[in-house]
Amino acid sequence: MSGTAGGKAGGRLRFDGWIAGVGTSSGTRLVVGHWPRSPLGAFSDVMVERPDGERLLLAPSRRVADFVAATYRFDRIEVVPVAVGVTGATWRVDAGPLELRLRAGRRSALGLLLSAVPAPLARSPLWARVCDVPARLLMPGVRTLGSAGSGRREWYGARDLRPVLAADARWDGAELGALAPLDPPVAFGFGSAPRTPSLVRVTTTVELAPGHG
């Protein structure tokens, strides 16, 4: 694939960063995207699915909100300040009404294998296609490529995997409950984050539909 990480090449937009996915005992599920390098600049966003199935996007700007909402499915969108701070194994996420603290564990055995994948290979749609079947078998609900909104195509190249060992999540100051599996799978797009609470380093590529931005 031509182009540089975090750039656009032939209608392909590449996002390099991390995805954290956690469930809570209240039934609210959270997927945090933290993208230090992207065509939209550095940003973070949060996708929330409530116990009743309502899907909410917390985005830091209208530009980010419009792009993400054109790629995934949401019932409601809020543009709010979104900040992610990382100190060692601890992640702090503040996004409008959401306060989330995560503690990641050591890299898993699968994470060790993924960390050895060369960056150019992780960006390849062929590699995503090769990984799709084992990903679905090992982590039900996870897909590595598929169709997105607005006629777009999307694929993921995972480059690290760490378990989330602890989480404290609050919404408007109210606790969302203890850390729990991401179950049922979230329904923002063609695939879910892993059922086991995880922090995944990933290169996400979005291929735009011909004639569309």
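In this text the structure is predicted, and so the values were computed from the model without any measurement.

Undergrad: Honestly, the overall build of the protein in this entry has me stumped. Any pointers?
TA: Across its full length, the protein carries four helices and 14 strands. The globule rule puts the C-alpha radius of gyration for 213 residues at 17 Å, and the 16 Å found for the protein is close to it. For the protein, the spread of C-alpha atoms along the principal axes amounts to about 45 × 40 × 30 Å. Here the protein holds 213 residues, and the buried ones make up 50% of them. When the accessible area of the protein is evaluated, it comes to approximately 9700 Å², of which 56% is carbon and sulfur surface. If you average the places of the 27 positive and of the 18 negative side-chain charges in the protein, the two averages end up 9 Å apart.

Undergrad: Explain unusual backbone geometry here, please?
TA: Residues other than glycine predominantly adopt negative phi, and peptide bonds predominantly adopt the trans conformation. Looking along the chain, the bond that leaves Asp 183 and enters Pro 184 is cis, with omega of 5 degrees. For Pro 184, the position within the fold is in the loop between strand S13 (179-180) and strand S14 (198-207). In this model, Asp 172 sits at a positive phi of 50 degrees, which is unusual for a non-glycine residue. As for its placement among the helices and strands, Asp 172 is situated in the loop between strand S11 (153-171) and strand S12 (174-175).

Undergrad: What's the story with the pattern of salt bridges in this structure? I'm lost.
TA: Note that side chains of opposite charge can pair when their charged atoms are close. Tallying each qualifying case throughout the model produces 16 salt bridges. Across the salt bridge formed by Arg 55 and Asp 75, the nearest N and O atoms sit 3.4 Å from each other. Within this pair, whereas Arg 55 is found in strand S5 (residues 55-59), its partner Asp 75 is found in the loop between helix H1 (62-71) and strand S6 (76-79), the two being separated by 20 residues in sequence. Accessibility expressed as a relative area gives 17% for Arg 55, which makes it buried. According to the relative accessible area criterion, Asp 75 is partly exposed, its value standing at 48%.

Undergrad: What's the story with the pairing of strand S8 (residues 90-95) in this structure? I'm lost.
TA: Successive side chains on a regular strand alternate, one facing one side of the sheet and the next facing the other. Of the two faces of S8, only the one carrying Trp 91, Val 93 and Ala 95 is buried; Thr 90, Arg 92 and Asp 94 on the other face are not. Pairing of strand S7 (residues 82-87) with S8, which is carried by six bridges, proceeds in the antiparallel orientation. Bridging across to S8, Ala 83 finds its partner in Asp 94. Where S7 folds back on S8, the antiparallel hairpin that results is connected by two residues, among which Gly 88 adopts a positive phi of roughly 60 degrees.

Undergrad: Would you take a moment to explain the environment of Leu 98 for this structure?
TA: Among the structural elements, Leu 98 can be located in strand S9 (residues 98-104). Not counting residues within four places of it along the chain, the set of residues in contact with Leu 98 comprises Leu 30, Val 46, Leu 58, Val 93, Arg 170, Trp 171 and Leu 176.

Undergrad: Which parts of the structure should I look at to understand the nonpolar core?
TA: Generally speaking, a soluble globular protein has its nonpolar side chains buried in company with each other. Residues Phe 15, Met 47, Phe 67 and Val 68 are the most contacted members of the largest nonpolar core, which totals 27 residues. The set of elements that each furnish at least two residues to this core consists of strand S2 (12-24), strand S3 (29-37), strand S4 (43-49), S5, H1, S11 and S14. Examining the composition of this core, we find that four residues originate from one element, H1, more than from any other. Setting aside anything within four residues of it in sequence, one finds Met 47 in contact with Arg 29, Leu 30, Val 31, Leu 56, Leu 57, Val 68, Tyr 72, Phe 74 and Phe 188. Of all hydrophobic cores here, the second largest spans 23 residues; its members include Ala 20, Val 46, Val 84 and Ala 95.

Undergrad: Help me out: how do you make sense of the packing of aromatic side chains in this one?
TA: Here a ring pair, both rings aromatic, is described through the centre-centre distance and the interplanar angle of the planes. Throughout the structure, instances matching the rule amount to five aromatic pairs. A cation over an aromatic ring shows up here: Arg 50 above the ring of Trp 171, its NZ or CZ 4.6 Å from the ring centre.

The rules behind these values
Residues numbered from 1 in each chain as written. Predicted model: local features only at pLDDT ≥ 70, side-chain atom pairs only at ≥ 80, totals over all residues. Heavy atoms only, no water. Helix = DSSP H or I, 4+ residues; strand = E, 2+ residues; numbered from the N terminus. Rg over C-alpha atoms; globule rule 2.2 N^0.38 Å. Buried < 20%, exposed > 50% of the residue type's maximum accessible area, 1.4 Å probe, protein only. Areas by Shrake-Rupley, 256 points an atom, 1.4 Å probe, with all protein chains shown as cover. Lys, Arg positive; Asp, Glu negative; His and termini not counted. Charge placed at Lys NZ, Arg CZ, Asp CG, Glu CD. Salt bridge = Lys/Arg side-chain N within 4 Å of Asp/Glu carboxyl O. Pairing = 2+ DSSP bridges. Contact = heavy atoms within 4.5 Å. Core = buried A, V, L, I, M, F, W, Y, C linked by side-chain atoms within 4.5 Å. Phe/Tyr/Trp six-rings, centres within 6.5 Å; stacked < 30°, edge-to-face > 60°. Lys NZ or Arg CZ within 6 Å of the ring centre and 35° of its normal.

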